[in-house]
Amino acid sequence: MAAYHKALDHYLQLAGTRIGSKLFLDKNGLCVLRKEDGQREYVVELPGNSEVVYLYSPICTVPYGCSEEFFEKVLELNLCGITYNQATFGLDAKTQKIVISYARSMEALDEVAFSNILNNFIKTADRAERDLAKLVRELIERTSLTDDDIDVEMKTHRTVSNNGKLKV
C-alpha cells in the first residue's frame, strides 16, 4: 500500500506542474487543492490500507425550507452518472454540505490518466456547483413568500377571524 502512496504523490506532483500548482500527498494520504479565491476546494484522498483513490469537493449547503425538494432533485441527478462524468453527490454529515465525489482504483491509473481525471473532476465539480446554486435559487424563489402572498394570508386570516367573531 505504501507503493500506492508513493505513486499517487508522484502523479499529484506531475499534475500540479501541469496546472501550475504545487500538489503533494501528505502523511495522512490527503491533498487539498484550493482555487485562487479560496472558496472552492478539491480533495484527493488515498486512505491508509486502500487501493482506491477518492476525489471529492464540497458543493453547497443544504438549503433551509426546501430541503425535501432539494434532496429529491439531487437524487435524480445521481441517477444518471453520465451527467457528471460518473461522479456522485452525497451529504457530508459532519459539515452538512453536499459533496461531489469520484473514486478510482490505483491499479487503473498512470500519470496521464490521473492528470486527466483530476482536471476533469475539477471542471465537473465547478459545473455541479453552478448547477446546484441555480437549483437552490429556483427552489427558494418557489418556496419563499412574497409581500403579496403575506398580504393575501393576512386578509384571509382577518376575514376568518371576523366571521368567527374572533379578534386579532
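Some thoughts on the overall build of the chain
Point 1. If you tally the helices and strands in the chain, you get four helices and five strands.
Point 2. The order of helices and strands in the chain, counted from the N terminus, is α-β-β-β-α-β-β-α-α.
Point 3. For the chain, restricting intrachain contacts to residue pairs at least 6 apart in sequence, the fraction spanning at least 24 positions comes to 55%.
Point 4. When the accessible area of the chain is evaluated, it comes to approximately 11,000 Å², of which 52% is carbon and sulfur surface.

Some words on the environment of Gln 39
Point 1. Checked against the element boundaries, Gln 39 lands in the loop between strand E1 (30-34) and strand E2 (41-45).
Point 2. Residue Gln 39 is classed as exposed on the basis of its relative accessible area, which comes to 67%.
Point 3. Gln 39 sits 19 residues away from Pro 58 along the chain, and the two C-alpha atoms are 9.9 Å apart.

Brief notes about the side chain of Ser 57
Point 1. For Ser 57, the position within the fold is in strand E3 (residues 52-61).
Point 2. With residues up to four places along the chain from it excluded, the contact list for Ser 57 reads Arg 40, Glu 41, Tyr 42, Ile 98, Val 99, Ile 100, Phe 121 and Ala 125.

Regarding the sheet that holds E2
Point 1. Across the sheet, five strands lie side by side as E1-E2-E3-E5-E4; this open sheet has antiparallel pairing. Both outer strands of the open sheet, E1 and strand E4 (88-92), are each paired with one neighbouring strand and no more. In this sheet, neighbouring strand axes are inclined to one another by 30° on average, regardless of whether the strands run parallel or antiparallel.
Point 2. The sheet contact formed by E3 and strand E5 (residues 97-105) spans nine bridges and is antiparallel. Note that in E5 the partner of Tyr 54 across the bridge is Ala 103.
Point 3. Packed on one face of the sheet, helix H2 (residues 67-79) meets E3, E4 and E5 and runs near 140° to E4.

Remarks on the pattern of salt bridges
Point 1. Taken as a whole and judged by the stated rule, the model has five salt bridges.
Point 2. Across the pair Arg 34 and Glu 41 runs a salt bridge whose closest N-O atoms are separated by 3.3 Å.
Point 3. With relative accessibility at 25%, the residue Glu 41 sits in the partly exposed group.
Point 4. Between Asp 126 and Lys 35 there is a salt bridge, with the nearest N and O atoms lying 2.6 Å from each other. Of the two residues, Asp 126 sits in helix H3 (residues 111-143) while Lys 35 sits in the loop between E1 and E2, which places them 91 residues apart along the sequence.

Re unusual backbone geometry
Point 1. Phi angles above zero are rare outside glycine, and Asn 85 is one such case at about 55°.
Point 2. Inspection of the secondary structure assignment puts Asn 85 in the loop between H2 and E4.
Point 3. Unlike most non-glycine residues, Gln 86 shows phi in positive territory, near 70°.
Point 4. Within the element layout of this structure, Gln 86 appears in the loop between H2 and E4.

Concerning H2
In an α-helix, one turn spans 3.6 residues; hence positions three or four apart end up facing the same way.
Point 1. With 13 residues, H2 should cover 18 Å at 1.5 Å per step; its first-to-last C-alpha distance of 18 Å lies within 8% of that length.
Point 2. All buried positions along H2 are accounted for by Phe 70, Val 74 and Leu 77. The buried residues of H2 occupy an angular sector of 55° when the element is viewed end-on, so they sit on one face. Counted as exposed and oriented over 90 degrees from the buried face of H2: Glu 68, Leu 75 and Leu 79.

Reading the values: the criteria
- Residues numbered from 1 in each chain as written.
- Predicted model: local features only at pLDDT ≥ 70, side-chain atom pairs only at ≥ 80, totals over all residues.
- Heavy atoms only, no water.
- Helix = DSSP H or I, 4+ residues; strand = E, 2+ residues; numbered from the N terminus.
- Contact = heavy atoms within 4.5 Å.
- Areas by Shrake-Rupley, 256 points an atom, 1.4 Å probe, with all protein chains shown as cover.
- Buried < 20%, exposed > 50% of the residue type's maximum accessible area, 1.4 Å probe, protein only.
- Pairing = 2+ DSSP bridges.
- Axes fitted to C-alpha atoms, helices over the stretch in contact; angles between N-to-C directions.
- Salt bridge = Lys/Arg side-chain N within 4 Å of Asp/Glu carboxyl O.
- Expected span 1.5 Å × (residues − 1).
- Arc of directions from axis to C-beta.

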